[in-house]
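This is what each chain is made of:
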Amino acid sequence: MPIKIPNDLPAVKILEKENIFAMTETRAITQDIRPLKIVLLNLMPKKVETETQISRILGNTPLQIELTLIRTKTHKSHNTSKDHLLAFYQTFDDIKDEKFDGMIITGAPVEMIDFEQVDYWEELCEIMEWSKVHVHSTMHICWGAQAGLYYHYGIKKQELPKKLFGVFAHKKDYPNSMLLRGFDDVFYVPHSRNTTVSREEIERVPELKILAILFQKTAADNSL
C-alpha cells in the first residue's frame, strides 16, 4: 500500500525511482480508505534527507499511511530552505487539536548540549506531553530517544570515553518482543554517538523494557 505525502514533496520522485508507492494528497482524497495517521517531528538540519529516509521505510508497510510533517517554531533552520518549510511543514500549533495513530521524533545534532540548553527544549517538552493523550504510540530516534527518556523518566545521558562509531552486533534481550519478530538472535546495527544511557537506570523504571543490547565489547560496555 502507498504512503500518502504532501504534493510535490521532493521525496516523491526519489521513492518512485526506488519502486516505492507514494501517493500524493490529490490522489489520496479520491480513495475511501482510512489511512494510518503518522506525524513526523523532524529535528534534523537536513530535513529533506530525513523525511525521505522515513518515507522510504514507512512506504514498505502493507498499510496506507498519511504522513504529516512538523517542525519546531522556536528554532530557525539553516540547512533547509524557507520555501520548503513553508510548503510542506506545519508547527505544533497547527496540529495540536488533532489525534494521530503514531508519532516519530527524530534525532538532532545537539548530543553534547545539556537538554535544557537546547533552544527548542521547552517546545519539545510540550509536544512530548501532548503526545501522551493525542498519539497512540511514539517512536523516539537517536537523540530523540535520549530526550524522551530524560523528559518522561528522568534518565540522563552519559558521555562515553570515546565516540562509538561503526556497525556492531546486538543480541535480543527480550526475545518475545513484537518489535523484534523476524529478527535473528544476533543482528547488526550502526552507531555514531558520543553519549549513552545506563542500563541500571532503565531497569529501575517498571514501564521500560530493554529489547536488545550491544553484543560486542566496545567503549560502551554495560550501556545501550
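Scroll up a little and you will see the structure.
Rules behind the numbers
Residues numbered from 1 in each chain as written. Predicted model: local features only at pLDDT ≥ 70, side-chain atom pairs only at ≥ 80, totals over all residues. Heavy atoms only, no water. Buried < 20%, exposed > 50% of the residue type's maximum accessible area, 1.4 Å probe, protein only. Helix = DSSP H or I, 4+ residues; strand = E, 2+ residues; numbered from the N terminus. Pairing = 2+ DSSP bridges. Right-handed = clockwise from strand over helix to strand, strands pointing away. Contact = heavy atoms within 4.5 Å. Phe/Tyr/Trp six-rings, centres within 6.5 Å; stacked < 30°, edge-to-face > 60°. Lys NZ or Arg CZ within 6 Å of the ring centre and 35° of its normal.

Engineer: Got a sec to walk through the pairing of strand β4 (residues 65-71)? Specific residues and values, please.
Structural biologist: β4 sits mainly inside the fold: six of its seven residues count as buried. Bridge count between strand β3 (residues 36-41) and β4: six bridges; the pairing is parallel. Bridging across to β4, K37 finds its partner in E66. Where the polypeptide runs from β3 across helix α3 (residues 47-58) and back to β4, its parallel neighbour, the crossover connection is right-handed. Alignment of β4 against strand β5 (residues 90-91), held across two bridges, turns out to be parallel. The residue bridging R71 from the neighbouring strand is T91, located in β5. Considered for its hand, the β-α-β crossover made up of β4, helix α4 (residues 82-88) and β5 is right-handed.

Engineer: Talk me through the environment of I155; I want residue IDs and the actual numbers.
Structural biologist: Along the chain, the position of I155 falls in the loop between α7 (143-153) and β8 (158-172). The contacts of I155, once residues within four sequence positions are left out, are Q146, L149, Y150, V197, E201, I202, V205 and L208.

Engineer: Help me get a handle on the packing of aromatic side chains, residues and values and all.
Structural biologist: Applying the stated criterion across every chain yields a total of nine aromatic pairs. Aromatic side chains F100 and W130 sit 6.2 Å apart centroid to centroid with 65° between the ring planes, which places their arrangement in the edge-to-face category. In this pair, F100 sits in strand β6 (residues 100-105) while W130 sits in helix α6 (residues 121-134), placing the two residues 30 residues apart along the sequence. Both residues of the pair, F100 and W130, count as buried. Measuring from centroid to centroid gives 4.6 Å for F115 and Y150, while their planes differ by 15°, and the two rings are stacked. Of this pair, F115 sits in the loop between β6 and α6 while Y150 sits in helix α7; the two residues are 35 residues apart in sequence, bridging distant segments of the chain. As far as the burial class goes, F115 and Y150 line up, both buried. Taken together, the aromatic side chains of F115, Y120, W121, W143 and Y150 make up a single cluster linked through ring pairs. Across from the ring centre of Y174, 4.5 Å away, lies the NZ or CZ of K209, which sits over that ring.

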